[in-house]
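As a plain string of letters, each chain reads:
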Amino acid sequence: MQASDVRAMVIETLAEQQRIRHDDIDAVVLKTVATTLTSFGIDEDDRRELRADFQHLRRWRRNVEQAQSYTFKAVVTMIVTGFVGVVWLGIRATLGK
């Protein structure tokens, strides 16, 4: 057996061990996620519904943020309009005398 053959066997063995390790990690992660969802009362079969719920919540959050933005703009517009109105009335009163 030559050194290159030994090297190839070692590399192949290490690669296989790493694949096994990744498979073990993936299995543990999947089991942990499933256990966590089950503890919240969500069945593993309800993934599609859960995804739809999260999408709905995201749309709701974005709409609320947009409404807050519009509200802020409306308030600023009203304040500026009021200030300009007061200045205009002051100018009219000053020029009218």
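Presented here is an overview of the structure given in this document. (Residues numbered from 1 in each chain as written. Predicted model: local features only at pLDDT ≥ 70, side-chain atom pairs only at ≥ 80, totals over all residues. Heavy atoms only, no water.)

1. Quick notes on the overall build of the protein chain
On a plain count of helices and strands, the protein chain comes out with two helices and zero strands. A globule of 97 residues ought to have a C-alpha radius of gyration of about 13 Å, yet the protein chain, at 33 Å, is considerably larger. Its C-alpha atoms put the protein chain at 110 × 40 × 15 Å along the principal axes. With 14 positive and 13 negative side-chain charges, the protein chain shows a spacing of 20 Å between the two charge centroids. (Helix = DSSP H or I, 4+ residues; strand = E, 2+ residues; numbered from the N terminus. Rg over C-alpha atoms; globule rule 2.2 N^0.38 Å. Lys, Arg positive; Asp, Glu negative; His and termini not counted. Charge placed at Lys NZ, Arg CZ, Asp CG, Glu CD.)

2. Observations regarding the pattern of salt bridges
Enumeration over the complete set of coordinates arrives at two salt bridges. The residue R61 makes a salt bridge to E65 at a minimum N-O spacing of 3.2 Å. On the criterion of helical spacing, the pair formed by R61 and E65 is a turn pair, its members being four residues apart in helix α2 (residues 47-96). The exposure class of E65 is partly exposed, given its relative accessible area of 40%. (Salt bridge = Lys/Arg side-chain N within 4 Å of Asp/Glu carboxyl O. Buried < 20%, exposed > 50% of the residue type's maximum accessible area, 1.4 Å probe, protein only.)

3. A word on a nonpolar patch on the surface
Taken together, the side chains of F72, V76, V80, F83, V84, V87, W88, L89, I91 and L95 define a hydrophobic patch exposed on the protein surface, amounting to about 1000 Å² of accessible area. In this structure, V87 sits in helix α2. Residue classification places V87 among the partly exposed residues on the basis of a relative accessible area of 38%. (Patch = residues over 30% accessible without salt bridge, like charges linked within 9 Å, V, L, I, M, F, W, Y side chains within 5 Å. Areas by Shrake-Rupley, 256 points an atom, 1.4 Å probe, with all protein chains shown as cover.)

4. A look at helix α1 (residues 3-39)
Taking 1.5 Å per residue, 37 residues should reach 54 Å; α1 reaches 53 Å between its end C-alpha atoms and fits that length. In the stretch just after α1, G41 is the one whose phi turns positive, near 85 degrees. (Expected span 1.5 Å × (residues − 1).)

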